[in-house]
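Here are the chains, one letter per residue:
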Amino acid sequence: FFSQLKEINTDKFKKKEFYPFLDKSGLRKPIKEFKFEEALVVAKWFFSIDLKKFVFEDSISFANLLKHHGYEKHILTFGQGWFQEKKIEYSGLNKYFEKYTITPEPTKVRAISALCNPYVDEIFLLDDSKKVIDAMKASFPRIMAIQVLRENNPEKISSNADAIAKNLGEAIGAILSRPR
């Protein structure tokens, strides 16, 4: 298997031929459902990528600053478990957050209910997805939802967000400006 990985031309990835295998949350289907040749392409790609590029570069400084101010930090991410877990582990984020939870639910609403009491607890939700922000605010209006949008795209902005941030530094400002 590994000898065959070396034979795969990684130029395929640059030509977007790999994209049919992926969506925003990871693989489009379980690896066991891929044809052998497809599984080889997936494995070659997975072993060749730097998973840190899937994580905001200011994540670690963000986590350290929140820790300094006494906040508990929890990653709640949507996607296929194995990919999200490896992304968190290989990026080093698991060292800076108390916990992480991977959910197959795109809006994350049920997952947050299982983690805490969103009707009572002080929760700051940071997400880039309009769909997640809207669903969370509809279910739990008390949550402070900060939408982190690194690109200026008015169509992606949630009107339900309590704050819009261009990066995690701006998100920290929104969090720390609230009285505790």
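Residues numbered from 1 in each chain as written. Predicted model: local features only at pLDDT ≥ 70, side-chain atom pairs only at ≥ 80, totals over all residues. Heavy atoms only, no water.

This next bit is on the overall build of the protein. Summing up its helical and strand segments, the protein has eight helices and seven strands in all. Across the 180 residues that make up the protein, the buried fraction comes to 43%. Once local pairs closer than 6 in sequence are excluded, the contacts in the protein between residues at least 24 apart make up 57%. For the protein, the accessible surface area stands at approximately 11,000 Å², while carbon and sulfur atoms represent 52% of it. (Helix = DSSP H or I, 4+ residues; strand = E, 2+ residues; numbered from the N terminus. Buried < 20%, exposed > 50% of the residue type's maximum accessible area, 1.4 Å probe, protein only. Contact = heavy atoms within 4.5 Å. Areas by Shrake-Rupley, 256 points an atom, 1.4 Å probe, with all protein chains shown as cover.)

Further remarks concern the packing of aromatic side chains. Describing an aromatic ring pair means giving the distance of the ring centres and the angle of the ring planes. Scanning the model with the defined rule gives two aromatic pairs in all. Aromatic pair Tyr71 and Phe124: ring centres 5.7 Å apart, planes at 80°, arrangement edge-to-face. In this pair, Tyr71 sits in the loop between α4 (59–68) and β3 (74–78) while Phe124 sits in strand β5 (residues 124–127), placing the two residues 53 residues apart along the sequence. The pair formed by Tyr71 and Phe124 is uniform in burial state, with each residue classed as buried. On the basis of an interplanar angle of 75° and a centroid distance of 5.3 Å, the ring pair of Tyr119 and Phe140 is categorised as edge-to-face. Remark: Phe140 occurs in the loop between α7 (130–139) and β6 (144–148) and Tyr119 occurs in the loop between α6 (109–115) and β5; sequence separation between them is 21 residues. Given a relative accessible area of 3%, Phe140 falls into the buried group. (Phe/Tyr/Trp six-rings, centres within 6.5 Å; stacked < 30°, edge-to-face > 60°.)

What follows is about the side chain of Asp58. Structurally, the position occupied by Asp58 is in the loop between α3 (36–48) and α4. Take Asp58: its relative accessible area is 16%, and that puts it in the buried class. The contacts of Asp58, once residues within four sequence positions are left out, are Arg150, Asn167, Leu168 and Gly169.

Looking down a regular strand, the side chains alternate between one sheet face and the other. Sheet topology places β3 next to strand β4 (residues 99–103); five bridges connect them, and they run parallel. Across the sheet, the residue bridging to Phe78 is Thr103, located in β4. You can see the chain leave β3, run along helix α5 (residues 81–91) and come back into β4, and the turn it takes is right-handed. (Pairing = 2+ DSSP bridges. Right-handed = clockwise from strand over helix to strand, strands pointing away.)

This part is about the sheet that holds β5. The strand order β5-β6-β7 describes an open sheet built from three strands, whose pairing is parallel. Edge positions in the sheet fall to β5 and β7 (163–165), since each of these pairs with one other strand and no more. Strand-to-strand twist of the sheet, defined as the mean angle between neighbouring strand axes without regard to direction, takes the value 25°. For β6 and β7, the ladder comprises three bridges, and the chain directions are parallel. Note that in β7 the partner of Ile146 across the bridge is Ala163. Helix α8 (residues 168–176) contacts β5, β6 and β7 of the sheet and is inclined by roughly 160° relative to β6. (Axes fitted to C-alpha atoms, helices over the stretch in contact; angles between N-to-C directions.)

As for its placement among the helices and strands, Ser158 is situated in the loop between β6 and β7. Residue Ser158 is classed as buried on the basis of its relative accessible area of 3%. A distance of 3.1 Å separates a polar atom in the side chain of Ser158 from the backbone nitrogen of Asn160. Excluding its chain neighbours within four sequence positions, the residues that come into contact with Ser158 are Lys130, Ile133, Asp134, Gln147 and Ile164. (Polar contact = N/O pair within 3.5 Å; in protein donor to acceptor, adjacent residues only side chain to side chain.)

Moving on: unusual backbone geometry. You will see that Lys108, though not glycine, has its phi angle at about 70°, which is positive. Inspection of the secondary structure puts Lys108 in the loop between β4 and α6.

This part covers the confidence of the model for the protein. The share of residues in the protein with pLDDT of 70 or more is 73%, and the mean pLDDT across the chain is 81. Predicted confidence in the protein is weakest over helix α1 (residues 2–7), with a mean pLDDT of 42, and strongest over α7, with 97. Throughout residues 1–10 the model reports pLDDT below 50, and contacts reaching past four residues in sequence, or to other chains, amount to 15 contacts. Segment residues 12–16: pLDDT under 50, and eight contacts once partners within four positions in sequence are set aside and those in other chains are kept. (pLDDT = per-residue confidence, 0-100.)

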